[in-house]
There are 2 protein chains.
Amino acid sequence: MSSDPTTFTCPVPLAHYPHVLMAHGGGGRLMHDLIQLVFKASFANPLLNQGHDGALLEAGGARLAFTTDSYVVKPLFFPGGDIGKLAVCGTVNDLAMCGARPLALSAGFILEEGLPMDTLQRVVRSMGDTARAAGVPIATGDTKVVDRGQGDGLFINTAGIGLVPAGLNIGPAAVRPGDVILLNGDVGRHGTCIMAGREGLAFDTDLQSDCAPLHNAVQRLIESSVDIHCLRDCTRGGLATTLVEIARARGLRLHLEGTAIPVREDVRGACEMLGLDPLYVANEGRFITIVPASDAARALDALRRDEQGAGAVRIGEVKDEQPGLLTLRSEIGSTRILDMLSGEQLPRIC
Amino acid sequence: MSSDPTTFTCPVPLAHYPHVLMAHGGGGRLMHDLIQLVFKASFANPLLNQGHDGALLEAGGARLAFTTDSYVVKPLFFPGGDIGKLAVCGTVNDLAMCGARPLALSAGFILEEGLPMDTLQRVVRSMGDTARAAGVPIATGDTKVVDRGQGDGLFINTAGIGLVPAGLNIGPAAVRPGDVILLNGDVGRHGTCIMAGREGLAFDTDLQSDCAPLHNAVQRLIESSVDIHCLRDCTRGGLATTLVEIARARGLRLHLEGTAIPVREDVRGACEMLGLDPLYVANEGRFITIVPASDAARALDALRRDEQGAGAVRIGEVKDEQPGLLTLRSEIGSTRILDMLSGEQLPRIC
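Scoring rules and cut-offs
- Residues numbered from 1 in each chain as written.
- Chains lettered and ligands numbered in written order.
- Predicted model: local features only at pLDDT ≥ 70, side-chain atom pairs only at ≥ 80, totals over all residues.
- Heavy atoms only, no water.
- Helix = DSSP H or I, 4+ residues; strand = E, 2+ residues; numbered from the N terminus.
- Rg over C-alpha atoms; globule rule 2.2 N^0.38 Å.
- Buried < 20%, exposed > 50% of the residue type's maximum accessible area, 1.4 Å probe, protein only.
- Contact = heavy atoms within 4.5 Å.
- Areas by Shrake-Rupley, 256 points an atom, 1.4 Å probe, with all protein chains shown as cover.
- Lys, Arg positive; Asp, Glu negative; His and termini not counted.
- Charge placed at Lys NZ, Arg CZ, Asp CG, Glu CD.
- Arc of directions from axis to C-beta.
- Buried area = accessible area lost by both parts, 1.4 Å probe.
- Salt bridge = Lys/Arg side-chain N within 4 Å of Asp/Glu carboxyl O.
- Polar contact = N/O pair within 3.5 Å; in protein donor to acceptor, adjacent residues only side chain to side chain.
- Least-squares fit on C-alpha atoms with pLDDT ≥ 70 in both.
- Pairing = 2+ DSSP bridges.
- Axes fitted to C-alpha atoms, helices over the stretch in contact; angles between N-to-C directions.
- Phe/Tyr/Trp six-rings, centres within 6.5 Å; stacked < 30°, edge-to-face > 60°.
- Lys NZ or Arg CZ within 6 Å of the ring centre and 35° of its normal.
- Parallel < 35°, antiparallel > 145°, perpendicular 65-115°, else oblique.
- Left-handed = near helix turned anticlockwise from the far one by under 90°.
- Nonpolar A, V, L, I, M, F, W, Y, C, P; charged D, E, K, R; others polar.
- pLDDT = per-residue confidence, 0-100.
- Domains from an automatic or database assignment.

## Section: the overall build of chain A
When helices and strands are tallied, chain A shows eight helices and 14 strands. At 19 Å, chain A has a C-alpha radius of gyration in line with the 20 Å of a compact globule built from 350 residues. Here the C-alpha coordinates of chain A stretch approximately 55 × 50 × 45 Å along the principal axes. Counting over 350 residues, chain A shows a buried share of 63%. Pairs at least 24 apart in sequence give 84% of the contacts found in chain A among residues at least 6 apart. Split by element, the accessible area of chain A, about 12200 Å² in all, is 50% carbon and sulfur. Averaging the coordinates of the 31 positive side-chain charges in chain A and doing the same for the 40 negative ones gives two points 3 Å apart.

See below:
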């Protein structure tokens, strides 16, 4: 039933979408339907159904995490980053969200004939710099060129391998009622910067994308022996979509205190002007951590010791009534349900 | 010096190519220059410089192979396969060429808005079927959608992880004078099929792409304790480019007996008509094995026990004079040098 928020049942059968829409790549309901009905139906295997940002597998006694993402962000360069930096950080972060220490990345380039060589050089240098700073080598790669007009300058795929410490079991299944939800900083910056770049909007402020590698912040949590129940980065679909996914996967209610969620004034202003909700705007350096209430203070301390966790705050908690829902108490004290959008507010955000 | 065939020095500096050309993705000299001067210069790290189809790395005591390829083949469906089958076989084969047993694949899709859902379904089912038949799960994935006119229907990236047996050291560095060169079947089929599909040419025959997973054939070699010096699949740039790369990397001469290289009559005919050389036409199920002469018979026996090695033959040998060259003795007994092409005879072949 489409009115049951705990299932991904498509209100309109997939057969009613005879063609791929932009919204099928937006991280919302249509993308979830596509994944369930097309990809998972054909690829069916146990590794694919772990509900993580990556797959966990055994290899010669080692516990590995394995993940992939393609990057089609537009424009290629934006305040605080570019497609190359994004392609490194995004995949490093997906590994980090599995609790893995990133070991190596692959890089696959699809170039459009006519791309200025100088643009490619800038992107590749940025990738190299970001990978070196993160301490994760780009170990293998591939290049393809497509005809002019059949690409859009430059698309990048990165896949990543990471090593998961023994005994670590992070994922929605570990989330318990009474747990608290932590966030490592203010939300909505990346999407707002992309939009600004695309629409030619200028800010009076120093607003930059939050795009950053998060594996060191996660490492701080692990080293502090925090009992991490769940980690998830808040990319396509933003903080709200990320938490709706967890609420549904675990069949619990996640509840947020709206006043506790940091949003910069310039981000809030830009979003109001354009009719966007910052809770649904993509981030590239923000993640939520769900831990037992007894570990919350230690987890916040650990996060705040890392550059990418300096703004870490507690934003909500896990409840057992109204399973599968994400709720938000607003500034004026009313509580509302946050659902998944059907697509993305802004296409080609990453 | 550009006249020295043992180096990849670009006869025209990269700065003279202000834009990316189709030939930069063709597997020939221009692509090698791009990889050396742009990618390797910026990504510099020891893992990237192993001269393999993938990177070899240690992870928690396990020896892993890691590889990636993007697939932009046009048309999406061709005799004997489609982009989905190709995306599974290509990456499984790159792992196999490292001597690795493939453990898992990732799949990243870049869809163009407006792609018929039915086309996507067919490709995804083919990927699933090919992966299941090969025994390699697609463990993790990603989907992006780009605007109509900024893609070309469907691009796929697959990355793969494999496990390399202890003690196995396969690569150009192990190649020795006196070694023999084996090939697992007739060459030129994949490229000829793609060309036929693209140009609307029809064959009277049952000609199909050779696209197939090769890991079981490699496994036969390993189980037979053959002392494998080098494995390489003959994809972009064909058999000739593959062997020129090895000759240059190792600084030895590879010599081929033209009459020993199997080429189907219909492939030869189509190539003649179109002015192509079948030795430079891409394959997707052909690989060379270089072994000591004393292991040649055992290696051929092992290969022939696998479906993908039924047509295995000895095609040449390794010599120490004229280092860095690939030479071919023709049917009439003359010997000529085979060099790398600057691009690819046929763009978007894989």
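What follows picks up the thread again.
## Some remarks on helix 8 (residues 296–304) of chain A
Taken residue by residue, helix 8 of chain A has Ala296, Ala299, Leu300, Ala302 and Leu303 of chain A as its buried positions. Along the long axis of helix 8 of chain A, the arc covered by the buried residues comes to 160°, so they all point the same way.

## A short note on the interface of chain B and chain A
The interface of chain B with chain A comprises 82 residues on the first partner and 82 residues on the second. Both faces combined, the contact of chain B with chain A buries some 6700 Å², and carbon together with sulfur accounts for 68% of it. In terms of surface lost to chain A, no three residues of chain B exceed Val20, Phe66 and Met117 of chain B, which account for 11% of the buried area on that side. Taken together, chain B and chain A are joined by six salt bridges. Asp147 of chain B is the partner of Arg348 of chain A in a salt bridge, and the nearest nitrogen-oxygen pair spans 2.7 Å. At the boundary of chain B and chain A, one finds 24 residue pairs in polar contact (both at pLDDT 80 or more).

## What about unusual backbone geometry?
All names here are of chain A. Between Lys74 and Pro75 the backbone carries a cis peptide bond, its omega angle lying at 5°. Within the fold, Pro75 resides in the loop between strand 2 (62–71) and strand 3 (77–78). In this structure, Gln322 is a non-glycine residue whose phi angle is positive, near 50°. By relative accessible area, which is 40% here, Gln322 ends up partly exposed.

## Things to note about the environment of Gly324 of chain A
Residue and element names in this part refer to chain A. Structurally, the position occupied by Gly324 is in the loop between strand 12 (313–319) and strand 13 (326–329). Among the residues examined, Gly324 registers a relative accessible area of 3% and is labelled buried. Between the alpha carbons of Gly324 and Arg250 there is a distance of 7.2 Å; along the sequence they are 74 residues apart.

## Topic: the pattern of salt bridges
Counted by the stated rule, this structure contains 40 salt bridges over all chains. Between Asp142 of chain A and Lys144 of chain A there is a salt bridge whose closest N-O contact spans 2.8 Å. Residue classification places Asp142 of chain A among the buried residues on the basis of a relative accessible area of 6%. Lys319 of chain B is paired through a salt bridge with Glu317 of chain B; the nearest N and O atoms lie 3.6 Å apart.

## Focus on the relation of the copies chain B and chain A
Note on the identical chains: chain B maps onto chain A by a rotation of 180° and an axial translation of 0.0 Å, with an RMSD of 0.0 Å. Each copy turns onto its partner about a two-fold axis. Rotation axis and chain B: the residue whose C-alpha lies nearest the axis is Gly151 of chain B, separated from it by 2.1 Å. An overlap of 100% is found between the interface residues of chain B and their copies at the interface of chain A, pointing to a shared contact surface.

## With respect to the side chain of Asp69 of chain A
By the element assignment, Asp69 of chain A lies in strand 2. Those residues in contact with Asp69 of chain A that lie beyond four places of it in its chain are Thr91, Asp94, Ile156, Asn157, Thr158 and Arg236 of chain A together with Asp142 and Lys144 of chain B.

## Some thoughts on the sheet that holds strand 13 (residues 326–329) of chain B
Two strands in a sheet stick together by hydrogen bonds in their backbones, pointing the same way (parallel) or opposite ways (antiparallel). Residues and elements named next belong to chain B. Spatial strand order, 9-11-8-12-10-13-14: seven strands in an open sheet with mixed pairing. On the outer flanks of this sheet lie strand 9 (230–233) and strand 14 (335–338), each paired with one strand and no other. Strand-to-strand, the axes of this sheet are offset by a mean angle of 25°, without reference to chain direction. As defined by bridge partners, strand 10 (residues 253–257) adjoins strand 13 across four bridges and the pair is classed as parallel. Among the inter-strand pairings, His255 is bridged to a residue of strand 13, identified as Thr327.

## Some thoughts on the packing of aromatic side chains
Tallied over the full model, the rule gives seven aromatic pairs over all chains. Plain terms: the ring middles of Phe39 of chain A and Phe109 of chain B are 4.5 Å apart, the flat faces sit at 40° to each other, and that makes the pair tilted. One end of the pair, Phe39 of chain A, is in helix 1 (residues 29–43); the other, Phe109 of chain B, is in strand 5 (residues 101–112), on a second chain. Judged by relative accessible area, which is 1%, Phe109 of chain B ranks as buried. Here the guanidinium or amino end of Lys144 of chain A rests over the ring plane of Tyr71 of chain B, the centre of that ring lying 5.6 Å away.

## A word on the environment of Gln322 of chain A
Residue and element names in this part refer to chain A. With respect to the helices, strands and loops of the structure, Gln322 is situated in the loop between strand 12 and strand 13. For Gln322 and His32, which are 290 residues apart along the polypeptide, the C-alpha to C-alpha distance reads 22 Å. Excluding its chain neighbours within four sequence positions, the residues that come into contact with Gln322 are Leu252 and Arg253. Only 3.1 Å separates the side chain of Gln322 from the side chain of Arg253, close enough to count as a polar contact.

## Overview of the packing of helix 4 (residues 189–199) of chain B against helix 7 (residues 265–274) of chain B
Residue and element names in this part refer to chain B. At a closest axis distance of 10 Å, the pairing of helix 4 and helix 7 adopts a crossing angle of 60°. On the basis of their axis angle, the class for helix 4 and helix 7 is oblique. The handedness of the crossing between helix 4 and helix 7 is left-handed. Contacts from Arg189, Thr192 and Met195 in helix 4 reach Val267, Ala270, Cys271 and Leu274 in helix 7. Across the contact of helix 4 with helix 7, the residue classes break down as five nonpolar, one polar and one charged.

## Quick word on the pairing of strand 12 (residues 313–319) of chain B
Residues and elements named next belong to chain B. Where strand 8 (residues 180–183) and strand 12 come together, four bridges link them in antiparallel fashion. Paired with Leu183 across the strands is Val313, a residue of strand 12. The pairing of strand 10 with strand 12 spans four bridges and is antiparallel. Residue Leu254 lies in a different strand from strand 12, and its bridge partner there is Val318.

## Here's the deal with the confidence of the model for chain A
All names here are of chain A. Overall, the predicted model of chain A reaches an average pLDDT of 92, with 95% of residues at or above 70. Counting contacts from residues 1–11, a segment whose pLDDT is below 50, to residues more than four positions away or on other chains yields 17 contacts. The ipTM value of the predicted complex is 0.94, and its pTM value is 0.94.

## Side note on the domain arrangement of chain A
All names here are of chain A. The domains assigned to chain A are domain 1 (52–164) and domain 2 (172–338). The straight-line distance from the C-alpha centre of domain 1 to that of domain 2 is 23 Å. Counting residues at the interface gives 21 residues for domain 1, matched by 21 residues for domain 2. At the boundary of domain 1 with domain 2, total buried surface from both sides reaches about 1800 Å², with 65% on carbon and sulfur atoms. In terms of surface lost to domain 2, no three residues of domain 1 exceed Pro79, Asn93 and Met97, which account for 30% of the buried area on that side. At the boundary of domain 1 and domain 2, one finds zero salt bridges.

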